[in-house]
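Residue strings, one per chain:
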Amino acid sequence: MAKVGEYLLLGDWCLASVTELLPTGFKFDCVNGNWVGSYNSETSELLVGNVQRQPGVAITSSRQPPRDVRRGGYNAIMPWMRENP
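All residue numbers here refer to positions counted from 1 along the written sequence of the relevant chain. This being a predicted model, a pLDDT of at least 70 is required before a residue's local features are given, and a value of 80 or more before pairs of side-chain atoms are given or counted; all residues contribute to the totals for chains, interfaces and linings. Processing note: side-chain calculations cover all non-hydrogen atoms of the structure and skip hydrogens and water entirely.

**Observations regarding the pattern of salt bridges**
Point 1. Basic side-chain nitrogens of Lys or Arg form a salt bridge, by our definition, when they fall within 4 Å of a carboxyl oxygen of Asp or Glu. A complete count under the given rule lists three salt bridges for this structure.
Point 2. Salt-bridge contacts for Asp12 lead to Arg82; the nearest nitrogen and oxygen are separated by 3.0 Å. With a gap of 70 residues between them, Asp12 in the loop between strand S1 (7-10) and strand S2 (14-22) and Arg82 in helix H2 (residues 74-83) connect regions that are remote in the sequence.
Point 3. Think of it in three bands: residues with accessible area under 20% of the maximum for their type are buried, residues over 50% are exposed, and the middle band is partly exposed, with areas taken using a 1.4 Å probe on protein chains only. Taking the relative accessible area as the measure of exposure, Arg82 reaches 41% and is therefore partly exposed.
Point 4. Among the salt bridges present, the one from Glu45 reaches Arg53, with a minimum N-O distance of 2.9 Å. A run of H or I in DSSP becomes a helix once it reaches four residues, and a run of E becomes a strand once it reaches two; helices and strands are each numbered from the N terminus.

**What to know about the environment of Val69**
Point 1. In this fold, Val69 is placed in helix H1 (residues 67-71).
Point 2. What makes Val69 buried here is its relative accessible area of 14%.
Point 3. Put simply, Val69 and Leu9 are 60 residues apart on the chain and 15 Å apart in space, counted from C-alpha to C-alpha.

**Observations concerning unusual backbone geometry**
Point 1. Despite not being glycine, Asn34 shows a phi value in the positive range, around 55°.
Point 2. Relative to the elements of secondary structure, Asn34 occurs in the loop between strand S3 (25-30) and strand S4 (35-40).
Point 3. With a phi angle near 55°, Ser44 is a residue other than glycine that sits in the positive phi range.
Point 4. With respect to the helices and strands, the residue Ser44 is situated in the loop between S4 and strand S5 (45-48).
Point 5. Look at Ser44 and you get partly exposed, because its relative accessible area is 26%.

Right under this line is the structure:
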């Protein structure tokens, strides 16, 4: 299960920073898209800004990047998470 403050890679395109835990998933900030959303772990459905539903989105990486990678921001974190599922 996700933890507040963790990074998760949703699909291959959304770098999520978990902001709140929910009974069926979590809320997050999309670091690389400047939008907020929620993820339902039971249905693998992503909800973008409470408006657009994206079904069938997998959590492709939940490993946490080391501090030196995090310092590099999005451009360093995304490739690291893609290479470390």
